[in-house]
Amino acid sequence: MSPRAALRTPTDLGENATKDISAALSGLLADTFALYLKTKNFHWHMSGPHFRDYHLMLDDQGDQIFAMTDAIAERARKIGGTTIRSIGHIARLQRIPDNDAEFVTPEDMIAELASDNRDLVGFLRSTHATAEEHNDVATTSLIEVWIDETERRSWFLFEIGRMA
């Protein structure tokens, strides 16, 4: 048995569906990890008069984002695909950019995360379309919840950014 065949989980979706959906989910997972790490980065490096509120909000948002990661990866495996394997693999697939700046103002942190969450909504919708094309209702159902959660994060960050 080949190593690849050893990981192939039985599914009725078909080989093309497995390939397309698991690839889309892997890209989504890379973006989710990138957004998680950026959210935690900004949580750890927050400063200023709204420190407590922003710090706690970003911690909550980070927890919500991280909670998506296992479900995304396991969905790819459930349909017979594979997913990311390393930080390097994430770096090759991620579309949400890192922020390695030594200092970022709280206003810029909020604006950047608002933009990144809006971008993630687009990536979620694209992955949803791929799953829908292959009649993978379980994946589309999961993604619909994540779209709602991500839109909520975007909304909170947008509203906070208006006050900053």
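Provided above is the structure to which this section pertains.
Residues numbered from 1 in each chain as written. Predicted model: local features only at pLDDT ≥ 70, side-chain atom pairs only at ≥ 80, totals over all residues. Heavy atoms only, no water.

*Asks:* Summarise the packing of aromatic side chains; cite the residues concerned and give the values.
*Replies:* The geometry of an aromatic ring pair is captured by the separation of the ring centres together with the interplanar angle, meaning the angle of the planes. The full count for this structure, using the stated rule, is two aromatic pairs. Their ring planes at 45° and their centres at 5.0 Å tell us that Tyr36 and Phe66 sit as a pair that is tilted. Note that Tyr36 is positioned in helix α2 (residues 15–44) and Phe66 in helix α3 (residues 51–78), a separation of 30 residues in sequence. Relative accessible area serves as the criterion here: at 22%, Tyr36 is assigned to the partly exposed category. Directly above the aromatic system of Phe123 lies the positively charged group of Arg95, at a separation of 4.0 Å from the ring centroid. (Phe/Tyr/Trp six-rings, centres within 6.5 Å; stacked < 30°, edge-to-face > 60°. Helix = DSSP H or I, 4+ residues; strand = E, 2+ residues; numbered from the N terminus. Buried < 20%, exposed > 50% of the residue type's maximum accessible area, 1.4 Å probe, protein only. Lys NZ or Arg CZ within 6 Å of the ring centre and 35° of its normal.)

*Asks:* I'd like a rundown of the side chain of Arg75, residues and numbers included.
*Replies:* Tracing the chain through its elements places Arg75 in helix α3. Overall, Arg75 belongs to the buried group, its relative accessible area being 12%. Among the polar contacts made by the side chain of Arg75, one reaches the side chain of Asp136 at a distance of 2.8 Å. Of note is the side chain of Arg75, whose polar atom sits 2.7 Å from the side chain of Thr139. Those residues in contact with Arg75 that sit more than four places away from it in its chain are Leu25, Asp136, Ala138, Thr139 and Leu142. (Polar contact = N/O pair within 3.5 Å; in protein donor to acceptor, adjacent residues only side chain to side chain. Contact = heavy atoms within 4.5 Å.)

*Asks:* Residue-level account of the pattern of salt bridges, with values.
*Replies:* A side chain with one charge can pair with a side chain of the opposite charge if their charged atoms come near. Under the counting rule described, the total for this entry stands at eight salt bridges. Put simply, Asp31 and Arg95 hold a salt bridge, and the shortest N to O gap is 2.6 Å. Here Asp31, found in helix α2, pairs with Arg95, found in the loop between α4 (87–93) and α5 (106–133); they are 64 residues apart in sequence, far enough to count as distant. Among the residues examined, Arg95 registers a relative accessible area of 42% and is labelled partly exposed. Through salt bridges with shared partners, a single network forms among Lys38, Glu112 and Asp116. (Salt bridge = Lys/Arg side-chain N within 4 Å of Asp/Glu carboxyl O.)

*Asks:* Kindly report on the environment of Glu132, identifying the contributing residues and their values.
*Replies:* The topology assignment puts Glu132 in helix α5. The exposure class assigned to Glu132 is exposed, which follows from its relative accessible area of 52%. When the C-alpha atoms of Glu132 and Ile21 are compared, they prove to be 9.5 Å apart, with 111 residues separating the residues in sequence.

*Asks:* Mind laying out the packing of α3 against α5, listing which residues take part and the relevant values?
*Replies:* Look at α3 against α5: their axes get within 13 Å of each other, and the N-to-C directions meet at 20°. One element, α3, and the other, α5, form an angle in the roughly parallel class. Note that α3 runs across α5; the crossing there is left-handed. Touching Tyr54, Met57, Leu58 and Met68 of α3 are Pro106, Ile110, Leu113 and Leu124, all from α5. Of the residues assigned to the contact of α3 with α5, the class counts are eight nonpolar, no polar and no charged. (Axes fitted to C-alpha atoms, helices over the stretch in contact; angles between N-to-C directions. Parallel < 35°, antiparallel > 145°, perpendicular 65-115°, else oblique. Left-handed = near helix turned anticlockwise from the far one by under 90°. Nonpolar A, V, L, I, M, F, W, Y, C, P; charged D, E, K, R; others polar.)

*Asks:* Tell me about α5, and please be specific about residues and values.
*Replies:* Since one α-helical turn is 3.6 residues long, residues separated by three or four positions face the same way. In this model α5 runs 41 Å from its N-terminal to its C-terminal C-alpha over 28 residues, within 8% of the 40 Å that 1.5 Å per residue would give. Asn135, located one to two residues past α5, shows a positive phi value of around 60°. (Expected span 1.5 Å × (residues − 1).)

*Asks:* Let's hear about the environment of Ser47: which residues, and what values?
*Replies:* Structurally, Ser47 is set in the loop between α2 and α3. Overall, the relative accessible area of 30% leaves Ser47 in the partly exposed class. The sequence separation of Ser47 and Phe103 amounts to 56 residues, and the corresponding C-alpha distance is 10.0 Å. If sequence neighbours within four positions are ignored, Ser47 has contacts with Phe103 and Pro106.

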